[in-house]
Amino acid sequence: GKHFGTSRFYEPKVLERARKLQLGVLPKSSVSTVPLVAGTLSSASDGVLIDDDEITREIWIEAATRAGKKLTTFSTPREFFAVHKTIMPETPIYVDVRLGPKIRGEDVAEEIHHLGFQRISLTTAFPASMFSPPPWLEIGSKEPPWFKSN
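Predicted model, so just to flag it, every value in this text is computed and none were measured.

Novice: Provide a residue-level description of the overall build of the protein chain, including the pertinent values.
Specialist: Within the protein chain one finds 5 helices and 7 strands. Secondary structure elements in the protein chain, listed N-terminal to C-terminal, are β-α-β-α-β-α-β-α-β-α-β-β. The buried share among the 150 residues of the protein chain stands at 31%. Total accessible area on the protein chain is roughly 10,100 Å²; 55% of this is exposed by carbon and sulfur atoms.

Below, the structure is given as structure tokens:
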């Protein structure tokens, strides 16, 4: 199963949320002693979302799950870059236009492009007309690509 390590291991809110998400929880102090098995995202992932907003990530995960898709999410570019070699270059990558106060999505997208990824989109609530992206970069909305309004 999937687990995560946290220093807030004993907080009831954290444990309850993990239970709802069907995640195991490990005390952060034990993380260094637990063997990690690198998952092969390559064949499994229908898309990758890099967004620092937890609610946005949850909405995208829910939409992907309902559509029968597998989405891999990262809250920081650093998390993505740490495992990018396990992700197929044709996997669609969705990058939030603002990843915190000093991280521009355009800059992160450019780094991802240089790694050989071909399908990169910036996700933004701003109108696409505000951007003049390079030909390899799409401008998309904050709405998940699998979103179906019922």
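Novice: Got a sec to walk through the side chain of R57? Specific residues and values, please.
Specialist: Its location among the elements puts R57 in helix α3 (residues 54–66). No salt bridge is formed by the buried R57. Its closest oppositely charged neighbour is E54, at 5.1 Å. Here D52 takes part through its backbone oxygen, which lies 3.4 Å from a polar atom of the side chain of R57. If we ignore the near neighbours within four places in the chain, the residues touching R57 are L49, D51, D52, T73, F74 and S75.

Novice: A description of the packing of aromatic side chains should follow, citing residues and the corresponding values.
Specialist: To describe a pair of aromatic rings, one takes the distance between the centres and the angle between the planes. Under the defined criterion, the tally for this structure stands at 6 aromatic pairs. Both rings, one in F80 and one in F81, keep their centres 5.4 Å apart while their planes meet at 70°; by these two values the pair is edge-to-face.

Novice: So what about the nonpolar core? Which residues, and what values?
Specialist: Judged by nonpolar contacts, the single largest core of 17 residues is most densely connected at I50, F80, I93, V95 and I112. Among the secondary structure elements, those contributing two or more residues to this core are β3 (47–50), β5 (93–96), α5 (105–114) and β6 (120–123). In terms of residue count, α5 provides more of this core than any other element does, 3 residues in total. With sequence-adjacent residues up to four places away left out, F80 is seen in contact with V48, I50, F74, I87, I93, I112 and F117. Judged by nonpolar contacts, the second largest core, of 6 residues, contains L49, W60, A64 and L71.

Novice: Got a sec to walk through the sheet that holds β3? Specific residues and values, please.
Specialist: Strands sit in the order β4-β3-β5-β6-β7 across an open sheet of 5 strands; the sheet is parallel. In the strand order of this sheet, the two ends are held by β4 (71–74) and β7 (137–140), each with one partner. Across the sheet, the mean angle separating the axes of adjacent strands is 25° when strand polarity is ignored. Bridge count for β3 against β4 is 4 bridges, and the pairing is parallel. Opposite V48, over in β4, you have T72 as the bridge partner.

Novice: Hey, could you go over the confidence of the model for the protein chain for me, with residue numbers and the actual values?
Specialist: Chain-level statistics for the protein chain give a pLDDT mean of 83 and a share of 76% at 70 or above. A low-confidence stretch, residues 37–43 stays under pLDDT 50, and its non-local contacts, those more than four residues away or across chains, total 9 contacts.

Novice: Requested: an account of the pattern of salt bridges, with residues and values cited.
Specialist: Counted under the stated rule, the structure contains 5 salt bridges. Across the pair R66 and E62 runs a salt bridge whose closest N-O atoms are separated by 2.6 Å. Placement of the pair is R66 and E62 together in helix α3, with a separation of 4 residues, close to one helical turn. R66 gets classed as exposed once you look at its relative accessible area, which sits at 70%. Shared partners join several salt bridges into a network, and the residues in it are D51, D96 and K142.

The rules behind these values
Residues numbered from 1 in each chain as written. Predicted model: local features only at pLDDT ≥ 70, side-chain atom pairs only at ≥ 80, totals over all residues. Heavy atoms only, no water. Helix = DSSP H or I, 4+ residues; strand = E, 2+ residues; numbered from the N terminus. Buried < 20%, exposed > 50% of the residue type's maximum accessible area, 1.4 Å probe, protein only. Areas by Shrake-Rupley, 256 points an atom, 1.4 Å probe, with all protein chains shown as cover. Lys, Arg positive; Asp, Glu negative; His and termini not counted. Salt bridge = Lys/Arg side-chain N within 4 Å of Asp/Glu carboxyl O. Polar contact = N/O pair within 3.5 Å; in protein donor to acceptor, adjacent residues only side chain to side chain. Contact = heavy atoms within 4.5 Å. Phe/Tyr/Trp six-rings, centres within 6.5 Å; stacked < 30°, edge-to-face > 60°. Core = buried A, V, L, I, M, F, W, Y, C linked by side-chain atoms within 4.5 Å. Pairing = 2+ DSSP bridges. Axes fitted to C-alpha atoms, helices over the stretch in contact; angles between N-to-C directions. pLDDT = per-residue confidence, 0-100.

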